[in-house]
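# Structure at a glance
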Amino acid sequence: MATADTLLSNRDHERFTRQGWVLFVIMGVVWGVPYLLIKVAVEHLSPALIVFGRTIIAAVPLLAIAVWRGELRGALAKWPMVLAFAVLEMAIPWVLLTHAEVHLPSGLTGMLLAVVPLIGALVAYLLGDRYALRPLRVAGLVIGLIGVGLLVATDLRGEAPVLAIVEIVIVCIGYAVAPFVASRQLSDVGDIGVVALSLSMVAVAYAPAAWITRPTARVPGRAWLAVVGLGVVCTLIAFVFFFRLIAAVGPARATWITFINPAVAVAVGAVLLDERITVFTVLAFVVISVGLFLGTRGQGDRVGRSVQVAGSVER
C-alpha cells in the first residue's frame, strides 16, 4: 500500500513559476477588495443576505458554463467533498467574516486573517509534507505577520470584541483547510463544476435566512453595488483563478495571499476613501515582501496532488 511519504519523496523540488506568481498577485489583489465591499454592504444589509447575494450572483452564470462544459456531472458525483469545500471555504467563513466586520476595523480583520498561512503550513505538515515547517518558511511566515502587524498597527488601539475574534479564528481555520480538500479530493473534477456547485449549495442554504432578514427600509445603491462587486469580482472571477493558483503552487502556499490582502485593502482605502498612507504603510510593504520572498524560496508545497493520489491508493 503506497503512503503519502513515499509518493512525496519522489517529487522534485518546486518553485513559484511565472504563472504561479501572476495568479498569486491577481488573487492577492482581488481578495484584498472584499474588506471594503463588506464594510459598505453590512451597514445596511444582514450578513446572511450579503452571503446569499454574492453566491447567487456568481452561481447562476457558473452553473450555465459548467453544464455547457459538461463539468457539473463530475462535481455532482463527488458532492460530499464539494459540500465539505463549500462549508469550509464559503458557508461558514463568509457569514462569520461579514458579522465580525460589524465590530472590527477592516485592517485588524486583515491582520487576523494573516495567520491562515501558519495554519495551512501546519495542516500540510500533518498531511505528510516534511518541508512545510522548515526554518526558512517559518521565518518568512513570521516576517510576513510582522509586516501585516505594522500595516494595521493603528487599528490595535481599540479593544476588539471577543466574539468577533473567535469568528475570525474560525474563518482562518476554514480558509486554511479548504484548499487541501480541493487539492486532495477534487483535483480530478473540473474547476468550474466544483465552484458552481459549491456556490449553489451555499446560496440555497442561506436563501431562507436572507429572506427573513431582508431590509424593510430603503437601501442605498452603494450597498447593492457592493454586493454585486462581491459576487462578480470577489467570488465568480476570484474562484476561477483560485483553483488555478492551488494547482500551480499547492494548497498551503496558496493561502499566502492573505499577506497581500491587507496591503491591498489599505491601498484601496487610500484611493477610494482618501485614507492616508503613512511611513508604517511603506515599511510594512517592504517587510511583507521580504517575508514572501523567504517563504516561497526552495521547496514548494509538495503535498497537493501527490497526497490526493496517496489517499486514493490507500482507499
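Residues numbered from 1 in each chain as written. Predicted model: local features only at pLDDT ≥ 70, side-chain atom pairs only at ≥ 80, totals over all residues. Heavy atoms only, no water.

To continue, consider the overall build of the chain. Each helix and strand counted, the chain has 16 helices and 0 strands in total. The buried share among the 315 residues of the chain stands at 52%. Long-range pairs, those at least 24 residues apart, make up 93% of the contacts in the chain with a sequence separation of at least 6. If you sum the accessible surface of the chain, you get close to 14000 Å²; carbon and sulfur atoms cover 69% of it. (Helix = DSSP H or I, 4+ residues; strand = E, 2+ residues; numbered from the N terminus. Buried < 20%, exposed > 50% of the residue type's maximum accessible area, 1.4 Å probe, protein only. Contact = heavy atoms within 4.5 Å. Areas by Shrake-Rupley, 256 points an atom, 1.4 Å probe, with all protein chains shown as cover.)

With 75 residues, the main nonpolar core has Trp31, Phe85, Leu113, Leu199, Phe239, Phe242 and Leu245 as its most contacted residues. When residues in this core are grouped by element, the largest group, 13 residues, is from helix H12 (residues 221–249). Not counting the four nearest positions on each side in its chain, Phe85 is found in contact with Met90, Ala178, Val181, Ala182, Leu186, Val194, Ser198, Phe239 and Phe243. (Core = buried A, V, L, I, M, F, W, Y, C linked by side-chain atoms within 4.5 Å.)

Before going further, it helps to spend a moment on the pattern of salt bridges. When the charged atoms of two side chains with opposite charge come close together, those side chains can pair. Using the criterion set out here, one finds 3 salt bridges in the structure. Glu71 serves as the salt-bridge partner of Arg69, at 3.0 Å between the closest nitrogen and oxygen. Note that Lys78 and Asp188 form a salt bridge whose closest N and O atoms lie 2.9 Å from each other. Residue Lys78 is found in the loop between helix H5 (72–77) and helix H6 (79–100), and its partner Asp188 is found in the loop between helix H10 (162–185) and helix H11 (191–212); the two are separated by 110 residues along the sequence. According to the relative accessible area criterion, Lys78 is partly exposed, its value standing at 25%. Overall, the relative accessible area of 55% leaves Asp188 in the exposed class. (Salt bridge = Lys/Arg side-chain N within 4 Å of Asp/Glu carboxyl O.)

Moving on, we get to the side chain of Ser198. Checked against the element boundaries, Ser198 lands in helix H11. Under the relative-accessibility criterion, Ser198 is labelled buried at 0%. Residues in contact with Ser198, not counting those within four places in the same chain, are Val82, Phe85, Ala86 and Met90.

It is worth spelling out the packing of aromatic side chains at this point. Taken as a whole and judged by the stated rule, the model has 3 aromatic pairs. Centre to centre, the rings of Phe85 and Phe239 are 6.4 Å apart; their planes meet at 80°, and the pair counts as edge-to-face. On the criterion of sequence distance, the pair formed by Phe85 in helix H6 and Phe239 in helix H12 is long-range, its members being 154 residues apart. For the ring pair Trp94 and Phe239, a centre distance of 5.9 Å and an interplane angle of 55° mean the geometry is tilted. Separated by 145 residues along the polypeptide, Trp94 in helix H6 and Phe239 in helix H12 bring together distant segments of the chain. With respect to burial, Trp94 and Phe239 carry one shared label: buried. An aromatic cluster is defined as three or more aromatic residues linked by ring pairs; in this entry it consists of Phe85, Trp94, Phe239 and Phe242. Here Arg54 stacks its cationic end above the ring of Trp94, 3.7 Å away from the centre of that ring. The aromatic ring of Trp211 is capped on one face by Arg214, whose charged end is 3.9 Å from the ring centroid. (Phe/Tyr/Trp six-rings, centres within 6.5 Å; stacked < 30°, edge-to-face > 60°. Lys NZ or Arg CZ within 6 Å of the ring centre and 35° of its normal.)

Residues Ile92, Val162, Val166 and Ile170 make up a contiguous nonpolar surface patch of about 330 Å² in total accessible area. Residue contributions to the nonpolar patch peak at 3 residues, all from H10. Mapped onto the elements of the fold, Ile92 is located in helix H6. (Patch = residues over 30% accessible without salt bridge, like charges linked within 9 Å, V, L, I, M, F, W, Y side chains within 5 Å.)

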